[in-house]
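Listed below are the residues making up each chain.
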Amino acid sequence: MIALSLHRKVSVIGAGMTRFHHKLHLEKQGRELFTEAALEAAESVDNGFTLKEADALYLGYFSSDMFEGQAHISALMADWIGINPKPAVRVEGACASSGMAVNMGVLAIASGLYDVVVVGGVEKMRTLDTSKVTDTLAMAADVSYEVAMGFTFPGLYAAIASAYFNKYGSTWEQLANISIKNHENGALNKKAHYQETIMDIAKKLGERKQMSFSDEMEFLNSALNPMVASPLRLFDCCPISDGAAAVILAADDVAKKYTDTPVKIVGIGQASDTMALHDREDITALMASRVASRNAYDMAGIKAKDVSVACVHDCFTIAEIVATEDLGFFPKGQGGKAAMEGRTGLDGDVAVNADGGLKAKGHPVGATGAAMVYDIFKQLRGEAGDHQVADAEVGIAHNVGAAGATVTMQVYRR
Amino acid sequence: MTEHTVKSFMEGLANETLKGSKCTNCSKLMLPPRPICPSCGGKEMESHEFNGEGTVKACSVIHIALTRFQDMRPHCVGIVWLKEGVGVSGLILSDGKEVEVGSKVEAVFLKEEDRTVLAFKPV
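The structure presented is a predicted model; accordingly, all values stated were derived computationally and were not measured.

Scanning chain B from terminus to terminus reveals 1 helix and 8 strands. The N-to-C order of helical and strand elements in chain B reads α-β-β-β-β-β-β-β-β. Here chain B holds 123 residues, and the buried ones make up 46% of them. Counting contacts in chain B only where the partners sit at least 6 residues apart, residues at least 24 apart contribute 44% of the total. Here chain B has roughly 6100 Å² of accessible surface; of this, 48% comes from carbon and sulfur atoms. Distance between charge centres in chain B, computed from 15 positive and 16 negative side chains, equals 4 Å.

Residues and elements named next belong to chain A. Per the counting criterion, the structure on display carries 8 aromatic pairs over all chains. When the centroid spacing of 5.5 Å and the interplanar angle of 75° are considered together, the rings of Phe 49 and Tyr 258 count as edge-to-face. Taken together, the residues span a long stretch of sequence, with Phe 49 in the loop between helix H1 (30-43) and strand S2 (56-60) and Tyr 258 in helix H10 (residues 252-258) at a distance of 209 residues. Measuring from ring centre to ring centre gives 5.3 Å for Phe 213 and Phe 219, while their planes differ by 75°; the resulting arrangement is edge-to-face. Each member of the pair Phe 213 and Phe 219 is classed as buried. Taken together, the ring pairs in this structure connect Phe 153, Tyr 157 and Phe 316 into an aromatic cluster. Positioned above the aromatic ring of Trp 80, the side-chain terminus of Arg 31 is 4.4 Å from the ring centre.

A word on unusual backbone geometry. Of note, the bond from A:Asn84 into A:Pro85 is cis; its omega dihedral lies within 30 degrees of zero at 5°. Tracing the chain through its elements places A:Pro85 in the loop between helix H3 (73-80) and strand S3 (88-91). Cis geometry is adopted by the peptide bond preceding A:Pro231, which originates at A:Ser230 and carries an omega value of 5°. One can find A:Pro231 in the loop between strand S5 (227-229) and strand S6 (232-233). Even without being a glycine, B:Asp95 presents a positive backbone phi close to 55°. Position of B:Asp95 relative to the elements: it lies in the loop between strand S6 (87-92) and strand S7 (104-111).

What follows is about the side chain of A:Ser170. Looking at where A:Ser170 falls in the secondary structure, it is placed in the loop between helix H6 (153-168) and helix H7 (172-186). Setting aside residues no more than four positions away along its own chain, A:Ser170 makes contact with A:Tyr164 and A:Phe165.

To continue, consider the sheet that holds strand S3 (residues 45-50) of chain B. All names here are of chain B. Judged by pairing direction, the sheet is antiparallel, and its 3 strands sit side by side in the order S2-S1-S3 without closing on themselves. Each having just a single partner strand, strand S2 (29-30) and S3 make up the two edges of the open sheet. Note: strand S1 (residues 18-23) against S3, 6 bridges, orientation antiparallel. In the sheet register, Lys 22 faces S3, and the bridge partner there is Glu 46.

Moving on, we come to the packing of H7(A) against helix H12 (residues 317-326) of chain A. Residue and element names in this part refer to chain A. Taken N-terminus to C-terminus, the directions of H7 and H12 make an angle of 95°; their axes are 8 Å apart at the nearest point. One way to sum up the angle between H7 and H12 is to call them roughly perpendicular. Contacts from Gln 174, Leu 175, Ile 178, Ser 179, Lys 181 and Asn 182 in H7 reach Thr 317, Ile 318, Glu 320 and Ile 321 in H12.

What follows is about the interface of chain B and chain A. Frequently, the measure chosen for interface size is the accessible area that the parts lose on association. Chain B puts 37 residues into the contact, and the matching count from chain A is 32 residues. In this assembly, chain B packs against chain A so that about 2600 Å² is buried in total across both faces, 61% of it on carbon and sulfur atoms. When residues of chain B are sorted by the area they lose upon contact with chain A, B:Ile64, B:Leu66 and B:Ser89 head the list and together hold 22% of the total. Linking chain B to chain A there are 12 residue pairs in polar contact (both at pLDDT 80 or more). Looking at the side of chain B that touches chain A, the elements that each hand over two or more residues are helix H1 (6-14), strand S4 (53-62), strand S5 (75-82), S6 and strand S8 (116-122) of chain B. Ranked by residues supplied to the side of chain B that touches chain A, first place goes to S4(B) with 6 residues. Of the residues in the side of chain B that touches chain A, the class split is 23 nonpolar, 10 polar and 4 charged.

Here we take up the sheet that holds strand S9 (residues 309-311) of chain A. Backbone-to-backbone hydrogen bonds join strands into a sheet, with any given pair of strands oriented parallel or antiparallel. Residues and elements named next belong to chain A. In space, the 10 strands of this open sheet follow the order S3-S2-S4-S7-S1-S8-S12-S11-S9-S10, with mixed pairing throughout. Every interior strand has two partners, whereas the edge strands, S3 and strand S10 (351-352), have only one. Taken together, the 3 bridges between S9 and strand S11 (residues 394-401) define a ladder with parallel strand orientation. Its bridge partner lying in S11, Cys 311 is registered against Ala 397.

An ideal rise of 1.5 Å per residue puts 21 Å on 15 residues; H7(A) measures up with 21 Å between its terminal C-alpha atoms. Across the 15 residues that make up H7(A), a large majority, 13, are buried.

Taken together, A:Met66, A:Met139 and A:Val143 make up a surface patch of nonpolar side chains, about 260 Å² in accessible area. Counting through the fold element by element, A:Met66 comes out in helix H2 (residues 64-68).

Moving on to the nonpolar core. Residues and elements named next belong to chain A. Membership of the largest hydrophobic core comes to 189 residues, with the highest contact counts inside it found for Phe 34, Tyr 157 and Phe 329. Top element by residues in this core is H6. It accounts for 10 residues. Setting aside residues no more than four positions away along its own chain, Phe 329 makes contact with Tyr 297, Ala 304, Val 307, Ala 310, Val 312, Thr 324, Val 350 and Ile 396.

Another aspect to go through is the packing of H1(A) against H3(A). All names here are of chain A. Following both chains from N to C, one finds H1 and H3 inclined at 50°, their axes separated by 10 Å at the closest point. Judged by the angle between their axes, H1 and H3 are oblique. Crossing hand, H1 versus H3: right-handed. Residues Gly 30, Arg 31, Phe 34 and Thr 35 of H1 form the contact with H3, whose own contacting residues are Leu 76, Met 77 and Trp 80. The residue makeup of the contact of H1 with H3, split by class, is 4 nonpolar, 2 polar and 1 charged.

Next up on the list: the pattern of salt bridges. Under the definition given, this model contains 29 salt bridges over all chains. A:Glu40 is paired through a salt bridge with A:Lys191; the nearest N and O atoms lie 2.8 Å apart. Taken together, the residues A:Glu40 in helix H1 and A:Lys191 in the loop between H7 and helix H8 (198-209) connect sequence positions 151 residues apart. Since its relative accessible area comes to 16%, A:Lys191 is described here as buried. For the salt bridge of B:Glu3 with B:Lys19, the shortest nitrogen-to-oxygen distance reads 3.9 Å.

Criteria and cut-off values
Residues numbered from 1 in each chain as written. Chains lettered and ligands numbered in written order. Predicted model: local features only at pLDDT ≥ 70, side-chain atom pairs only at ≥ 80, totals over all residues. Heavy atoms only, no water. Helix = DSSP H or I, 4+ residues; strand = E, 2+ residues; numbered from the N terminus. Buried < 20%, exposed > 50% of the residue type's maximum accessible area, 1.4 Å probe, protein only. Contact = heavy atoms within 4.5 Å. Areas by Shrake-Rupley, 256 points an atom, 1.4 Å probe, with all protein chains shown as cover. Lys, Arg positive; Asp, Glu negative; His and termini not counted. Charge placed at Lys NZ, Arg CZ, Asp CG, Glu CD. Phe/Tyr/Trp six-rings, centres within 6.5 Å; stacked < 30°, edge-to-face > 60°. Lys NZ or Arg CZ within 6 Å of the ring centre and 35° of its normal. Pairing = 2+ DSSP bridges. Axes fitted to C-alpha atoms, helices over the stretch in contact; angles between N-to-C directions. Parallel < 35°, antiparallel > 145°, perpendicular 65-115°, else oblique. Buried area = accessible area lost by both parts, 1.4 Å probe. Polar contact = N/O pair within 3.5 Å; in protein donor to acceptor, adjacent residues only side chain to side chain. Nonpolar A, V, L, I, M, F, W, Y, C, P; charged D, E, K, R; others polar. Expected span 1.5 Å × (residues − 1). Patch = residues over 30% accessible without salt bridge, like charges linked within 9 Å, V, L, I, M, F, W, Y side chains within 5 Å. Salt bridge = Lys/Arg side-chain N within 4 Å of Asp/Glu carboxyl O. Core = buried A, V, L, I, M, F, W, Y, C linked by side-chain atoms within 4.5 Å. Left-handed = near helix turned anticlockwise from the far one by under 90°.

Below, the structure written as structure tokens:
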């Protein structure tokens, strides 16, 4: 049975993240990226905070082993951010690693064991070339029964798109529209990997190739947007980024010491589904997203329509469309159309991926769940800057591991 | 005992068979094989051989391929829904082109040096 409330309430009192990028961090290791994010999080606490005040660390890192040849990364990070002898735990749930770390931190405080914890995540991916990154990411799928047959990670979401198109008659243009929107949002976010609209990119790449494009769709239909796994093209996929994010959680009864404007975590959820996509009867929805979001909404006492700003897991454009349906914002089969109508824009019914999403903000796998919390924290305090959503009251972070075998959710309130 | 394991499935492929499990309690069929029935929780399994005919439920042509599949690039992969009502992943032998969802296919077994890859060809 899942309880409808926690024994002790938990808030976010600070958040920090590095910029996500493919080149900026080439000279740094994951330890340096996470330290940078953790220090920024500490500095963001209104009434002052030093990392030594934390009682524990929960860290998401999908594959330090493959990317950096380093295991035992939790102890290394605790050492590097200077919190010894406080306990540190690495949490691994593929792309949902730090969403899980956030939930673990909440549970640890709610249990009464700790008052303040640092949670977050990091991924240093640019140590490997694209083909080795493809191999490593595929380890998040069922290696024996999916990857052994030639499925890549983009291939799994391509299969979801294939089944979705077949069931609902949607077309790739709806996917392209998600990419255009998220790049427009990313262009307004100083932490984003790509701070450029699709038109900015079309002009830049076009000049190099002596091609010109009259609009986004002409560019996205061109050879400069090659196929990765049909029907998904390059600009349907999130980039390979390095980066880290950290969030400081505190029990409500101690949070007031640190800030007058904490962001309350009013609901959490997590769910699992079959490891292999082929074991699911319906692959046009992620069952774990439905279960995790319903549990989080119920704990928060809200409905989907109450959400004003949503960070959803758009590792591929199709994933955002499916997520906006699974989370209850739109009926099944309507997510793409709703986005086309502007209902998920910064001034829409619900602002979806106001920070640019994984598509434009970037997706250093283990850092993503915590980076979502970073943006929700800023949004609900009115500090998001150029991509601020007006009057944001309720925010959610929805973090998906691989093709939905793990999903985490939190609901936040200002 | 190597029944109902990854090894038994892989040995099945090498012998050009699709070996899965059948729950003796609720008769649920599973491919690949499993030790615990996800429907009823039953732990008594018997071996079940699938006949390899099914329809394509989803497919994709992979252009950015895994290291192991670089030589085949682009190659088509798919989720095939077998007649017996279970899904399985496999290569789709369609000359690197997409096949229509709903197309009928049958299992073929691609022998490589150190393993056999499950594939399907249109019928």
